[in-house]
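Observations on the model geometry
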Amino acid sequence: MKIAIPVNNGILAEHFGHCPHFDLYTIENNLVTQTELVEAPPHEPGLLPRWLSEKGVTDVIAGGMGQRAIEIFKSHHVNVFTGAPKISSQELVTGFMDKTLTFSVNYCDH
């Protein structure tokens with residue numbers, strides 16, 4: 001499993017499509033085996049799902065995301081979890097792995 005989280009200074013970025021970086025976490029046997037901070041490419045509609053999929057991402061944790069982006073991620077076999085709280089990416093991954101992370105509504109309306 002490889003999880004991508006859009007971040008700004010290590011905290012969940014509010015606008016997925018315009019985040020400056022992604023924290024990538026590789027998970028094996030429910031343990032983080034690798035972390036990587038990657039610079040996001042320039043914003044271009046539809047680019048991020050393909051780009052993250054090519055990096056081996058299987059899951060995305062986000063605060064909000066447009067429905068079209070979610071559909072494109074699904075076409076690349078990447079699961080999307082929206083409505084995550086604005087906390088550090090490490091806290092998000094830990095909560096996701098131990099199933100204590102709670103999601104609210106997807107707060108992106110476009």
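Notes on the structure in this doc start here. Small disclaimer: the values here were computed from a predicted structure and weren't measured. (Residues numbered from 1 in each chain as written. Predicted model: local features only at pLDDT ≥ 70, side-chain atom pairs only at ≥ 80, totals over all residues. Heavy atoms only, no water.)

With that settled, consider the packing of aromatic side chains. Taken as a whole and judged by the stated rule, the model has five aromatic pairs. The interplanar angle of 55° and the centroid separation of 5.9 Å between the aromatic rings of Phe22 and Trp51 together place this pair among those described as tilted. One end of the pair, Phe22, is in strand β3 (residues 21–28); the other, Trp51, is in helix α1 (residues 47–54), with 29 residues separating them in the sequence. (Phe/Tyr/Trp six-rings, centres within 6.5 Å; stacked < 30°, edge-to-face > 60°. Helix = DSSP H or I, 4+ residues; strand = E, 2+ residues; numbered from the N terminus.)

Look at Asn29: it is not a glycine, yet its phi comes out positive at around 50°. On the secondary structure map, Asn29 appears in the loop between β3 and β4 (31–39). Phi at Asn30 takes a positive value of approximately 65°, unusual for a residue other than glycine. Assignment of secondary structure puts Asn30 in the loop between β3 and β4. The exposure class of Asn30 is partly exposed, given its relative accessible area of 48%. (Buried < 20%, exposed > 50% of the residue type's maximum accessible area, 1.4 Å probe, protein only.)

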